[in-house]
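Below, each chain spelled out in residue letters.
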Amino acid sequence: ADVPGSDGADAASRLDVSIRRDPGDEGWAMFCLDYRLDDSPATAVLTQAAMARYRRCFRFVWRLKRTDLRLHDVWRRQTAVLHACPG
C-alpha cells in the first residue's frame, strides 16, 4: 500500500513485468508481475522463498482470471446464439 500523501512513484518504480517460459506455457500464461524489494525494510519479512511463493500464487490467480475471461466470452456467445435462434 502507498503511504498516504505520496504519489506512489516508489511503489511503481519497484514493479517489473517478466516473461516466465515454462514448458507448455504460451501467450498470457507466461506473464508475471514482480515486485522488487531491493533495499526495502520488507526484506526482513519477505524472503526470497516468500517471493518465489508469491510468484507461483500470482501465476495461478492470473491463469484463473484468464480462464474466467474465456468462460465469460463463451457464455456470452452461447447466449447470443440461443437468443438468435427461434425456439
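See the structure shown above.
So, here's what we can say about the structure. (Residues numbered from 1 in each chain as written. Predicted model: local features only at pLDDT ≥ 70, side-chain atom pairs only at ≥ 80, totals over all residues. Heavy atoms only, no water.)

Looking at the packing of aromatic side chains
So, step 1. If you walk through the whole model with that rule in mind, you get two aromatic pairs.
So, step 2. Aromatic side chains Tyr-54 and Phe-58 sit 6.2 Å apart centroid to centroid with 40° between the ring planes, which places their arrangement in the tilted category. In this pair, Tyr-54 and Phe-58 both sit in helix H2 (residues 48-84), four residues apart, roughly one turn of the helix.
So, step 3. Note on Tyr-54: relative accessible area 32%, which makes it partly exposed.
So, step 4. Judged by centre distance (6.0 Å) and plane angle (10°), the ring pair of Phe-58 and Trp-62 falls under stacked. Placement of both Phe-58 and Trp-62 in helix H2 is noted, with a separation of four residues, approximately one turn of the helix. (Phe/Tyr/Trp six-rings, centres within 6.5 Å; stacked < 30°, edge-to-face > 60°. Helix = DSSP H or I, 4+ residues; strand = E, 2+ residues; numbered from the N terminus. Buried < 20%, exposed > 50% of the residue type's maximum accessible area, 1.4 Å probe, protein only.)

Some details on a nonpolar patch on the surface
So, step 1. A cluster of nonpolar residues, Phe-60, Val-61 and Leu-64, forms a patch on the protein surface that exposes about 310 Å² of accessible area.
So, step 2. Structurally, Val-61 can be placed in helix H2. (Patch = residues over 30% accessible without salt bridge, like charges linked within 9 Å, V, L, I, M, F, W, Y side chains within 5 Å. Areas by Shrake-Rupley, 256 points an atom, 1.4 Å probe, with all protein chains shown as cover. Salt bridge = Lys/Arg side-chain N within 4 Å of Asp/Glu carboxyl O.)

A few points about H2
So, step 1. Taking 1.5 Å of rise per residue, 37 residues should cover 54 Å, and H2 covers 54 Å from first to last C-alpha, within 8% of that figure.
So, step 2. Taken together, the buried positions of H2 are Met-51, Phe-58 and Arg-59. (Expected span 1.5 Å × (residues − 1).)

So, the pattern of salt bridges
So, step 1. Per the stated rule, a full pass over the model turns up three salt bridges.
So, step 2. One salt bridge connects Lys-65 with Asp-68, and the closest N-O pair in it is separated by 3.6 Å. With Lys-65 and Asp-68 both in helix H2 and three residues apart, this pair spans about one turn of that helix.
So, step 3. Judged by its relative accessible area of 44%, Lys-65 falls in the partly exposed class.
So, step 4. Between Arg-77 and Asp-73 there is a salt bridge, with the nearest N and O atoms lying 3.1 Å from each other. Taken together, the residues Arg-77 and Asp-73, both in helix H2 and four residues apart, mark about one turn of the helix.
So, step 5. Look at Asp-73 and you get partly exposed, because its relative accessible area is 23%.
So, step 6. Salt bridges linked by common partners bring Asp-73, Arg-76 and Arg-77 together as one network.

Function cannot be inferred from these measures alone, as they are strictly geometric.
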